[in-house]
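The lines below spell out each chain.
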Amino acid sequence: MGCDGGTIPKRDELVRTKKKPEQKDKSSMQLYRWRNCHLTQGPLRSPIVACGMGLLYNKESVLQHLINKTPFPEASSHIKGLKDIKVLKLTPNPAFNKKAQSVGGYIDDNCSPYICPLVGLEMNDRSKFCFLWKCGCVISERGLKLNADNKCVNCVKEYEDDDIVVLNPTEEDITLMKTKLAKRKDKIKSEKNSEKIKVKQEIVVKDEPIDEDEKPIIPSCLPVKTEKIDIKNEIIKKEQIKRPITSAAGSSSSIGSANCRKLEDPVYKKAKLAHSISKDKTATNVYKSLFTSHEDDKNQTRAHWITYNPFYN
């Protein structure tokens with residue numbers, strides 16, 4: 001109890017020293033990045049997307065940030081739209097089982113849900129994985145070195161070295177990813193500018209004036225003979241002079257009334273303002289009672305059913 005038996009106490013036992021801060025486990029941190037979304041910190045679920053820096057996201061979380069216009073974190077500040085992300089084409093692991101992963105409270109982190117299609121390596125923190133920006137296919141770095149033709153194994157698309165993006169890069173790979181991202185953006189801008197220049201050149205070529213020497217020779221029209229037309233016009237004028245001009249008083253004569261007789265439709269007569277349905281002999285008494293001009297409607301105290309208004313009755 002009191003240093004009996006010749007025990008020698010150490011300095012740590014007698015002197016209080018500062019405790020070292022807890023160090024984070026790098027492997028567990030890296031594994032967390034492979035399983036969870038970088039924005040919401042929730043588990044990854046398809047469709048899974050990645051940005052130009054190689055960070056993994058759920059597509060839903062990226063769309064919510066873009067729609068709500070919420071600011072992205074510093075690591076994802078380069079995302080301005082859907083053009084800055086790429087949907088990943090992942091190959092599922094046949095040995096992965098969700099039910100067996102969480103049996104008895106033990107979580108098996110060694111088994112990954114996705115693998116490399118070439119080598120068969122599991123996609124976790126132990127091996128480095130990349131994806132191609134042109135097609136979005138995910139391949140391990142070891143499998144990518146086997147392919148010497150610069151063509152994707154899944155879709156056989158050609159790619160360049162700048163199109164290779166490392167997933168979940170380390171501090172050493174972050175600087176390389178930034179340079180590749182800047183090169184891709186500069187390349188897209190140069191392509192757009194070249195397309196605009198081509199379109200402008202085509203418009204200028206179309207709008208250029210044609211020289212007089214290059215103009216097509218159009219044959220002049222033959223002279224049209226107008227003798228027959230002039231003769232007809234003279235005949236019409238003579239006939240108009242011969243016709244007697246009838247006055248307003250003479251229009252009531254028998255000749256004028258025969259020529260200017262109007263055909264009146266019986267339906268047209270009913271449309272006139274002077275026409276009254278109550279005086280129409282052909283209409284029945286039941287039909288006349290529908291209108292306000294009927295005698296029964298004039299004498300009644302209540303409003304008519306056509307002009308009925310519940311606010312005034």
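Residues numbered from 1 in each chain as written. Predicted model: local features only at pLDDT ≥ 70, side-chain atom pairs only at ≥ 80, totals over all residues. Heavy atoms only, no water.

### Topic: the sheet that holds strand β3 (residues 85-87)
The strands that make up a sheet are held in pairs by hydrogen bonds between backbone atoms, and each pair lies either parallel or antiparallel.
Part 1 of the argument: Read across the sheet, three strands follow the order β2-β1-β3 without closing on themselves; strand pairing throughout is antiparallel. Only two strands of the sheet have a single partner each, and these edge strands are β2 (56-58) and β3. Along the sheet, successive strands turn relative to each other by an average axial angle of 40°, direction set aside.
Part 2 of the argument: Pairing geometry for strand β1 (residues 48-51) and β2, over three bridges, is antiparallel. Pairing of Ile48 across the sheet is with Asn58, part of β2. (Pairing = 2+ DSSP bridges. Helix = DSSP H or I, 4+ residues; strand = E, 2+ residues; numbered from the N terminus. Axes fitted to C-alpha atoms, helices over the stretch in contact; angles between N-to-C directions.)

### What about the side chain of Lys180?
Part 1 of the argument: As for its position among the elements, Lys180 is in helix α6 (residues 171-207).
Part 2 of the argument: We note that Lys180 is buried and unpaired, the nearest opposite charge coming from Asp162 at a distance of 5.8 Å.
Part 3 of the argument: When residues no more than four places from it in sequence are discounted, the contact partners of Lys180 are Asp161, Asp162 and Ile164. (Buried < 20%, exposed > 50% of the residue type's maximum accessible area, 1.4 Å probe, protein only. Lys, Arg positive; Asp, Glu negative; His and termini not counted. Salt bridge = Lys/Arg side-chain N within 4 Å of Asp/Glu carboxyl O. Contact = heavy atoms within 4.5 Å.)

### Thoughts on the pattern of salt bridges
Part 1 of the argument: Under the defined criterion, the tally for this structure stands at four salt bridges.
Part 2 of the argument: Among the ionic pairs, Arg45 bridges to Glu60, the shortest N-O distance being 3.4 Å. Placement of the pair is Arg45 in the loop between α2 (26-35) and β1 and Glu60 in helix α3 (residues 59-68), with a sequence separation of 15 residues.
Part 3 of the argument: The salt bridge involving Lys187 is made with Glu160; its shortest N-O contact spans 3.3 Å. Taken as a pair, Lys187 in helix α6 and Glu160 in the loop between α5 (141-146) and β8 (164-166) lie far apart in primary sequence, 27 residues in all.
Part 4 of the argument: Owing to a relative accessible area of 38%, Glu160 belongs among the partly exposed residues under this scheme.

### Concerning the side chain of Arg184
Part 1 of the argument: With respect to the secondary-structure elements, Arg184 resides in helix α6.
Part 2 of the argument: Engagement of the side chain of Arg184 in a polar contact is seen with the backbone oxygen of Asp162, the distance being 2.7 Å.
Part 3 of the argument: Excluding residues that lie within four positions of it along the chain, Arg184 makes contacts with Gly52, Trp133, Asp162, Asp163 and Val165. (Polar contact = N/O pair within 3.5 Å; in protein donor to acceptor, adjacent residues only side chain to side chain.)

Worth remembering: the numbers are spatial, not functional.
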